[in-house]
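Chain by chain, the residues run as shown.
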Amino acid sequence: MDTLPIIHSYSRSDAIADDVLIDVTSVASEAGFKVPVALTAEVWEDCVAWEAKDSQRQVIQDEAGRLWDVLWKAFVAARRANGDRISFQLYRVPRGGRGCRPRLTTLQLHIGPGDELGPVITILLPGQD
């Protein structure tokens, strides 16, 4: 049986370069992760992104604190994982309105092989691959 040639591939590093994935490995290592960690752009936008105008309109927060919340909850979830995917929940103030109350959201942590086949973690919204 002959092997078909690869016509196109899209690597994790390609996704990071295209801002489809946001590499947060340096901060994730401070939270306890030992492997590279990335968030999908949609997770970043929903759970991390925060600007000064959001603080003026809603409640005072910053991206560093919001990122830490996501990573810490992901780290706690990863420690209890017994498969390659686990759901976890956290409270975050949604952007774009006037609301100040945190709302519960669910995220997925996926552990899989990276470009070099070593383990990597990707944090996604439910339904994302």
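Look above for the structure.
Described below are features of the structure shown in this document. Quick caveat, the model's predicted, so the values are computed rather than measured.

Analysis parameters
Residues numbered from 1 in each chain as written. Predicted model: local features only at pLDDT ≥ 70, side-chain atom pairs only at ≥ 80, totals over all residues. Heavy atoms only, no water. Buried < 20%, exposed > 50% of the residue type's maximum accessible area, 1.4 Å probe, protein only. Helix = DSSP H or I, 4+ residues; strand = E, 2+ residues; numbered from the N terminus. Pairing = 2+ DSSP bridges. Salt bridge = Lys/Arg side-chain N within 4 Å of Asp/Glu carboxyl O. Axes fitted to C-alpha atoms, helices over the stretch in contact; angles between N-to-C directions. Contact = heavy atoms within 4.5 Å.

1. Structural notes on the pairing of strand β3 (residues 85-92)
Here comes step 1: Here β3 shows a clear split, with I86, F88, L90 and R92 buried on one side and none of R85, S87, Q89 and Y91 buried on the other.
Here comes step 2: As paired strands, β3 and strand β4 (residues 103-113) are joined by eight bridges and run antiparallel to one another. Counted as the bridge partner of Q89 is T106 from β4.

2. A closer look at the pattern of salt bridges
Here comes step 1: Under the criterion given, the structure shown has four salt bridges.
Here comes step 2: Between D46 and R92 there is a salt bridge whose closest N-O contact spans 3.2 Å. Separated by 46 residues along the polypeptide, D46 in helix α3 (residues 41-48) and R92 in strand β3 bring together distant segments of the chain.
Here comes step 3: Its relative accessible area of 24% is what places D46 among the partly exposed residues.

3. Quick word on the sheet that holds strand β2 (residues 37-40)
Here comes step 1: Taking strand neighbours across the sheet as the criterion, the five strands line up as β1-β2-β5-β4-β3 in an open arrangement whose pairing is mixed. The open sheet is flanked by β1 (21-23) and β3, the only strands paired with a single partner. Averaged over all pairs of adjacent strands, the angle between their axes in this sheet comes to 30°, without regard to strand direction.
Here comes step 2: Inspection of the sheet shows β4 paired to strand β5 (residues 119-124) by six bridges, in the antiparallel sense. Within β5, the position partnered with H110 by the bridge is T122.
Here comes step 3: In this fold α3 packs onto β1, β2, β3, β4 and β5, with an angle of close to 80° to the strand it touches most, β2.
Here comes step 4: Against the sheet, helix α5 (residues 63-80) touches β2, β3, β4 and β5, its axis set at about 145° to β3.

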